Each structure stands twice: as C-alpha cells, then as structure tokens.
Amino acid sequence: MDTTTSMKALLVAMQQYEGGRNSHSAAQLLKQVEEVSALKCDHLLSSGQLLHTECVRGLVELTGNVNTCPNVAGAILSLLSQLACDDNSRTMLHYNFNLTSVLALLIHRLRATPGDPLVLQSLQLLQKLTYSTHNFPSTSYLHEFIAFLMTNIQSQSDEVVMPYLGLMANLCRDNQAVQNHVKSLDNVKPFYRTLINFLAHNNLTLVMFSLSILASLTLSENAGEKVFGAKNIHQTFQLVFNIILNCDGTLTRKYSADLLVDLLHNPKIADCLTRFQYFSVCASQLFGLLKSKDIDSAAKVLELLLAMCCVSGLRPLLCQVLFKPVGPKLRVASRRQAAGLEHKAESTLALVHWLSLPMGDAEACSLQVLQLIKELLEEALSAVSMPEGVHVFLEMLLPVILDFVKGLDVPANDAHLRQHCERIIHVNRVLLVLCGDDTTRALVSHRVSSQLCLSQVEMLLACCHGNSLLAWLPPGADHSLSQVCAEALLSTLELMSKLRQQVSDMETSFYRTLQDQRIATPLALALTSHQREHVRTGFALLLEAMPLPDFPSLVLSESVATNNAYRQSEAKLCVKRVPVQDVQPPCMNASQMDVSTSSSSVHSLVEKLHSAMELQEQAKDGHVSDIIDVYEHKLAALASEESRLQDLLEAKAVALSQADRLLAQHHFQRAQAEAEARKLASLLKEAERRRESLQAELVVQLEEAQRSKAETEELLQHNSRLQLASEEHQALKDTYNSLLHKFNEGECLLKKLQTAHATLNQTNQALRKNHQVLQLQHDKTVLLLQDKEEEITSLRSDMRLKDDDIAALRGDLREAEDKGREKELQKQELEDTLDALRKELSKTEQARKDASIKASSLQLQKSQLEAKLKQREDELNEHSAMIAMIHSMSSGKKKDVNFSL
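Note that the coordinates shown come from a computational prediction; the quantities given were computed from them, not determined experimentally. (Residues numbered from 1 in each chain as written. Predicted model: local features only at pLDDT ≥ 70, side-chain atom pairs only at ≥ 80, totals over all residues. Heavy atoms only, no water.)

Participant: How do you make sense of the overall build of the protein when you look at a structure like this?
Facilitator: What the protein contains, in helices and strands, is 34 helices and 0 strands. The burial tally for the protein puts 39% of its 901 residues in the buried class. Once local pairs closer than 6 in sequence are excluded, the contacts in the protein between residues at least 24 apart make up 74%. Surface accessibility of the protein: about 50200 Å² in total, with carbon and sulfur atoms responsible for 54%. (Helix = DSSP H or I, 4+ residues; strand = E, 2+ residues; numbered from the N terminus. Buried < 20%, exposed > 50% of the residue type's maximum accessible area, 1.4 Å probe, protein only. Contact = heavy atoms within 4.5 Å. Areas by Shrake-Rupley, 256 points an atom, 1.4 Å probe, with all protein chains shown as cover.)

Participant: What should I look at first to understand the pattern of salt bridges in this one?
Facilitator: Where charged atoms from two side chains of opposite charge come close, those side chains can pair. Counted by the stated rule, this structure contains 25 salt bridges. For Glu 375, the salt bridge goes to Lys 374, with nearest N and O atoms at 3.9 Å. The two residues Glu 375 and Lys 374 agree in class, both being buried. When the shortest N-O distance is used, the salt bridge between Arg 872 and Glu 875 registers 3.9 Å. Of this pair, Arg 872 and Glu 875 are both found in helix α34 (residues 844–891), 3 residues apart, which corresponds to roughly one turn of the helix. For Arg 872, a relative accessible area of 14% puts it in the buried group. Judged by relative accessible area, which is 24%, Glu 875 ranks as partly exposed. One salt-bridge network, in which partners are shared between bridges, spans Arg 173, Asp 258, Asp 262, Lys 300 and Glu 303. (Salt bridge = Lys/Arg side-chain N within 4 Å of Asp/Glu carboxyl O.)

Participant: Please explain the packing of helix α9 (residues 161–172) against helix α12 (residues 204–218) as it appears in this structure.
Facilitator: For any two helices packed against each other, one specifies the inter-axial angle together with the distance between the axes. Where α9 meets α12, the axes come as close as 9 Å, and the angle between the chain directions of the two elements is 30°. It follows that α9 is roughly parallel to α12 by the angle criterion. As α9 runs across α12, the sense of the crossing is left-handed. Taking contact as the criterion, the partners of Val 161, Met 162, Leu 165, Gly 166, Met 168, Ala 169 and Cys 172 in α9 are, on α12, Thr 205, Leu 206, Phe 209, Ser 210, Ser 212, Ile 213, Ser 216 and Leu 217. (Axes fitted to C-alpha atoms, helices over the stretch in contact; angles between N-to-C directions. Parallel < 35°, antiparallel > 145°, perpendicular 65-115°, else oblique. Left-handed = near helix turned anticlockwise from the far one by under 90°.)

Participant: What is the right way to look at helix α7 (residues 117–130) in this model?
Facilitator: Compared with an ideal rise of 1.5 Å per residue, which puts 14 residues at 20 Å, α7 spans 20 Å between its outermost C-alpha atoms and is within 8% of the ideal. The buried count for α7 comes to 10 of 14 residues, which makes it a mostly enclosed element. Residues Leu 118, Val 119, Leu 120, Ser 122, Leu 123, Leu 125, Leu 126, Gln 127, Leu 129 and Thr 130 constitute the buried set of α7. A positive backbone phi angle near 60° is found at Ser 132, which sits one or two residues after α7. (Expected span 1.5 Å × (residues − 1).)

Participant: Got a minute to help me understand the packing of aromatic side chains in this structure?
Facilitator: To describe a pair of aromatic rings, you give the distance between the ring centres and the angle between the ring planes. Summed over the entire model, instances satisfying the criterion amount to 8 aromatic pairs. Aromatic side chains Tyr 131 and Tyr 255 sit 5.4 Å apart centroid to centroid with 55° between the ring planes, which places their arrangement in the tilted category. Residue Tyr 131 is located in the loop between α7 and α8 (142–155), and its partner Tyr 255 is located in helix α15 (residues 250–264); the two are separated by 124 residues in the primary sequence. Like Tyr 255, Tyr 131 is buried. Plain terms: the ring middles of Phe 510 and Tyr 511 are 5.3 Å apart, the flat faces sit at 55° to each other, and that makes the pair tilted. Residue classification places Phe 510 among the buried residues on the basis of a relative accessible area of 0%. Taking the relative accessible area as the measure of exposure, Tyr 511 reaches 23% and is therefore partly exposed. (Phe/Tyr/Trp six-rings, centres within 6.5 Å; stacked < 30°, edge-to-face > 60°.)

Participant: Help me understand the confidence of the model for the protein, please; the structure alone is not making it clear to me.
Facilitator: Parts of the prediction with low pLDDT should not have their coordinates interpreted in detail. With 80% of its residues at a pLDDT of 70 or more, the protein shows a mean pLDDT of 79. Taken together, the stretch residues 326–344 has pLDDT below 50 and engages in 16 contacts with residues farther than four places along the chain or on a different chain. Note on residues 893–901: pLDDT is under 50 here. Beyond four places in sequence and across chains, it has 22 contacts. (pLDDT = per-residue confidence, 0-100.)

Participant: Is there a simple way to explain unusual backbone geometry in this structure?
Facilitator: Glycine aside, residues mostly have negative phi, and peptide bonds are mostly found in the trans state. Here Asn 98, not a glycine, exhibits a phi torsion of approximately 55°, which is positive. Position of Asn 98 relative to the elements: it lies in the loop between α5 (87–96) and α6 (99–109). Although it is not a glycine, Asp 174 sits at a positive phi angle of roughly 55°. In this structure Asp 174 comes out as partly exposed when scored by relative accessible area, which is 44%.

Participant: Sorry, what's going on with the environment of Pro 358 here?
Facilitator: As for its placement among the helices and strands, Pro 358 is situated in the loop between α20 (335–355) and α21 (363–382). Separated by 46 residues in sequence, Pro 358 and Phe 404 have C-alpha atoms that sit 8.2 Å apart.

Participant: Would you mind showing me how to read α8 here?
Facilitator: At 3.6 residues per turn, the α-helix brings residues three or four places apart onto the same side. Under the 1.5 Å per step criterion, the end-to-end length of α8 is 20 Å for 14 residues, consistent within 8% with the ideal 20 Å. The set of residues buried in α8 consists of Leu 142, Phe 145, Ile 146, Phe 148, Leu 149, Met 150, Asn 152 and Ile 153. Lining the buried residues of α8 we find α6, α7, α9, α10 (176–184) and α11 (188–198).

Participant: Sorry, what's going on with the packing of helix α19 (residues 315–323) against α21 here?
Facilitator: Where α19 contacts α21, the two axes come as close as 9 Å, and the packing angle between them is 95°. Here α19 is positioned roughly perpendicular relative to α21, judged by the angle of their axes. Contacts from Arg 315, Pro 316, Leu 318, Cys 319, Leu 322 and Phe 323 of α19 reach α21 at Glu 375, Leu 376, Leu 377, Glu 378, Glu 379 and Ala 380.

If you want it as structure tokens, here you go:
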C-alpha cells in the first residue's frame, strides 16, 4: 500500500472515530496508525501535500482530546515521534501544529500518574520538539509544569527520570524566564544537590542532562563554582570531552557538544579552555570523529569546532592540529610519529569526504565543513609563517570543492537550486580567502578557469531572469531564493575580480558580465540588503562597473528604487494589517477584480510603451533600449505584486479554515480557564485572610526594619573600615610573600654551598691520607737505598728537590686547611646573616646579594684548589715513576710502584 492510500484511509478512520468513539472505530484507527508507522514515512511533513498536513493536524487534535483512548493516543505519539525525525519536521510540529502545547496539556492532565507510559511517551516527544527551541509556549500552567518536572526528577527512579531530565535541560537552556523562575523556588538547593549526585551516575546521558541543567542555572552563581569554577573546570572539560569522544549514542554527543558550546560563551571558561593541557589531543580526536558516517554526530562535532573557531585563543590551536605536519625529526620515524601522520591525514580526508557526497541529507554537514575550512584557512594564512600542511591539504581540497559546485545545468526544483546556490556561496568564500595570499592564489588560478566561472554566472542569471518562479519572488526578502541566487552570483563575480589578472580570458568574461542588462537585479538586491557584507560586495562591483560604457546604470537605479518602494509598502502593510477573523470568504471575487484591473493596466501600459517607441523611433533617440528595460522591470514588479497579492488571499483563506479549528480549541480552553478561575477565586479568598494576618506582622517588621537599617549603616561604615584594613593587609601579604620567596631562594643557595663545602672537606681528608701513605713508602725507600748512596748521589740531589716539592705541597695543604677554616668562618657569617634576614625582612635582598657574591668567590677558590690538586697529583705520579726507576736500578727487577692521590 502506498503512502497516499494509507493517509486517505487514516483520515477516514479519524473521521469515523470522532463521529462515534466506540471500540470498533478505535481498533480501526489504531490499525491505520500502525500501518502508517510501518511505512517509515520520515519526511512526510516536508512533502507539503495538503492530505499529509490534514492527517497530522487530526492526529494532533486527537492527542490533545480528553476522550481519546490511551492505546490510540500511545500509537499516535509513536507515529508523531517517528515524523519528528529532522529539524524541519520538528519546527513544523512545534510552530504550525502547536504540538508542544498539546503535549504539555496532556502531561498536565496526567500529572497524578508520572510513571504512566503515556506520560513518558509525551515527555520523550516533547524533549525532541523542544531541543534547540528557545521559546516554550507561555501557558498558564508553565510554573506548575516546571514544578512537576523538578519533583519527579528528585523522586523517580533512574530509569524513569531520564525524559524528565532531558526536557528540563531543554527548557532551561537559553531561556532566561525559566531560569529565573527555577532559581526563585524554595526547593532549588535540594534540586541542585540531586543534579550533583547524578554526576556520579554510570549513565553518560544522565550525566550530560544534569551538567546541562547546572550550566544553565548556576554558571553565574556561587553554586556553579563546584563544577564550573577555576579549580574544577579542567576536570569538567576532561569529562565532557571524554563523553563526546567515547559515548555510543548520538543523543549524548549532541547534549555534550551543546554544553561545551554554551560554556564557550563564557569568556572566563573559554580562556580556561585555551590553557587546557589536553586540548590539542581532544581537538585531534574531534577531527577523528568526522570519519563516522552518522550525519547527526558529524553535524554536532562540526558545530562545536565552529564554536571553538569563534574563540580567538582556540582558533590557532585548531589550525595547528589540522595543518601542522607531525614530521619525524630523525630519518627513521617511530611508530608513534607515523601514527600521528596517519591520524592527521585521516582528519583531512574526513573533511574532504563530506564535501564529495552528493546533495541530500549530508548537505548541511558539507556546508559546515566549508565554513570550518574557511575559518581555519583564514587563521593559517594570517599567521607569521604558513604551516607546511596547508599546501598539501589544498592540493587535495581544490579539485573536490570545484567538482562540488558542478553538474547543475537545469535545476530540478527550487530546493535543489537553493542547495546549489548555497554550495556556490560557501565554496566562493573559501576561494576568496585563498586569494588573499599570493601563494595560494596561484594554486587557485591553476584550478579555476574562466569557462567554469562563466558557466556558473550564466546559470545563475538564467535562473534569475528565466521562466521559473524565481523571477516573481519578492525582491526584498533577504532569505528568499532570489536573495540566495543573487548572493551566489555576486560572490562568483567577486572571485572573478580577484583572479582576472592570473587566469586567461577571466578579465574579458568579468567585464562582459558586468555589462549584461540582467546584472542590475542581483546588484540592486545586494545594494538594498540589510547585511553589510552584501552591501560591501555590491559597492565593490559597482565601482568596477561604473566606468564601463554599456553598464545598465539606469536599470540599476530603477531596480533600487523599486526595492525601496517595496520595502516601504511592506512596512505600511504590516502596520495596517487586519486580523484573520475580519477577512470574509468572498475575497476571491475581489482577487479576480484585482487581477482584471492589473491586467488591464498592464495592457494600457503596453500600448503606451508601443506609442512611446514609435515616438522615439521618429525622434531617433539612442536611449530607447534603456527605456524598454525600465518598463520591462516595472512590468516584472507589477507581476510580482500581483502574485504576492494572490498568495496573500490564498493564505487568508487557509487562515479562515484554521480559525474554525482555533475556535473549537478556544471553547475547550475557555471551559478549562473557568475551572482555573474558580480555583483562583478560592485561593484569592484564602490569600486575603492571610494578608490580614500578615498586615499586623508587617507593622512589627517595619519597626524592626528601621532598627536594622540603622544597624546596617553602622555595619556598612565598619565594613568600609575593614575593607581598607583588608586591602592594606593584602598589600603587606603580597610583600611578605615576595620577600619569603627571595629568602627561600637564598636558603637553597646556602644549602648548595654547604654541600660543596662538605665535598671539599672530604677531598682534603682523602688527600691527607694519601700523603701519609706516600710518606711511609718514601721512608722505607730511603732505608733500602742507604747502601747505594754512593751510586745514586746524583739521584739524591733530585730527591732532595722532590722533598722540597713535597714540603711545598704540605704548605699548600696547610693553606688549604686555612682556607677551610676561613670557609667555616664564612659559613658562620652566612648563618648570622640568615638570622638577620629572619629578623629584618626589609634587608633580605641586600643579604642575598652578599651571599651570592661570597658564593661566587668560594666557587672561584674551589676551582683554583682543584687545579692545584690536579697539579700536585701529576707531580706525585712523576715521583712514583722516579721511585720505581730507582728501585729497578737498585734491585735489578722492575716492580710496579703506584702512588696516587
């Protein structure tokens, strides 16, 4: 069974159920709803067919009806949840069908049974509809609804509390009224404690819902310091990044990314993120998530990266993560470096992959990728030195983005044309950024040809002035298809202007296009736009085109005047607009009269035009073509006005049919309002009695308030004095801390000097022991050599010389001992100096300088002493060699004798 047949059967089943609510009609309706659900009609609302719209409207009315069977209501909620699959469908259900208010009313009626499956279904669907929707319908029971959510969040089990937390997170995000109401409640502190307890839960989605609510309510409060303060913000960053990178569900990743985007709006937290030590690693892994084929996850990751690009401190880091190559410092790269190169290559390939996909559901991701690339390329090109990875990335990117905008000769429909124009706009923005640098402009000029730009311009001009509906759209609508097409055309012309000197035939094509009569309409749209960037582009092209001989300046002026007149008439129409209920059905006759009147005026205008042409031919005036263009433009404006009035009449006729349904809803809401009014009357009487009792207490409180006011003034004066004392104390504390830091540095230096002194003492003792051993060995050698005194007389003279040297060495040792004692005295002086430092902090700096000077002198003495000791050791080695020689001469056998220090 096809979709149309199923929808017709569903519409008949709904009419039968509304005519007689019995078990048979309910079963039939339930069967039809299940059949439609089985068809998987995800994009049913985006088709725009009247049958589908009426079916959805009937389902919404049945959902809000009190007498609807619970089974039928549950099946309808499942079907509506299936239909709310994309942003457009959710927006239509929220605004056009008012499903949000219907679900809120249903939950309000069933608030006594919060665990009812129908309530949970309604909450889940309401969570879907309110996601990224910042205007919840202001119903009379909104405060009761928020209290109902908070109560169930604190009392329900973990499985049931999930939809309550998700809906509460949606209501609190970017909604100042809801945030102020929740903060003013008495039970807000227990609610905060419950949310903080949820942060330790195993369910990551539950954790993210709680963090989102806390961020919305406590980010600027003292309670938020526990999670978002300077001490804990880095742990919060780590938690959120871990959830984004490691979670399994798309829903959790969406809320995690939204939370991080909201935190980036706070300048202090954004500054903390720039100092987050793991940011580069997390950003690299975020780029790695783009390899996933999940469109929703990729869109959220790209949204987060674009939000980071808006922070001046994070944009260079992202650029460094994507473009800076991880080249190995050595010839042979390690495995870790190779893995880093592969990861960066995969990140860039993932970005290019989203651009290579055809038009479809991934169109939004492709445009986000182009915007992200534009931001990062702007940062890379504005840096002092361009990263090496930019050129490699551009060699891979340019062929893909140029193929990205090709292949549309004839647009299939308006939606297809709009997508293609948006592609052209984003690609041209990237190319214009690349044209800002000479090196990258050369890369672009090798890829972009004049024929490509000219074909794009011809296609856009044909769409603007062909037989399509685009020519009859209101010229003043900034977000209309005509505005998007004009922006794409002007961005292409701006690109041609940048490349006209580098690409062959580009300058000729550019100036020929500027002299085309059709260029006046998009140029007029740019000059009268509300966006400054469009006006700037329009003026830049106008300055290029004005000196040209055939530029249609007269047609341009008429187009600008027509656009301004249209804006003025629209402003007046908004002021004088009548309510929908005042429009009568016979307005179709009036529309026919308007059409006939406008057509007759058009015919008369054509006759005048022909007469004017004849007169101009007789006069042989050379401006006939310009006048014809002006009248053609006026004819197009009249036809556009005619079609706009026809659309308004049809819209008012549809509004009349909607007014009938609104009347039925009004009667139902009026009965409910009367019940609420009776309840409010009883509450008012009780409040009046309470007011009288509180009046007496108020008098007493006023007297106490006066006394408290006097005490408060005294306390304020005392507080000001304390504030001055606190400031002086803080200044003294800062001075003390600086002096204490200098003292600690001096103490560390003293410890180093003490260690060096101990080392010198050990060296001196070792030298003494070695000298004693040497002296004993020398005495034994003298006794053995007494028998040979006559033979070695000459050698004895040498030995005497060596003895003299040893005596000199002893003198040096004594001098070293004297210097050691001097160092002990210097150590004592340093200790006295340190005691003086502890007593007088003001003289610490001078004492530290003295200690530094003395330490440098000691270091110099140490180096001199080591040099002398090394010299003496060399001399002792010579003595040892000489003694061995003497011993060999005396005994006739060579024995090794080693005397060393």
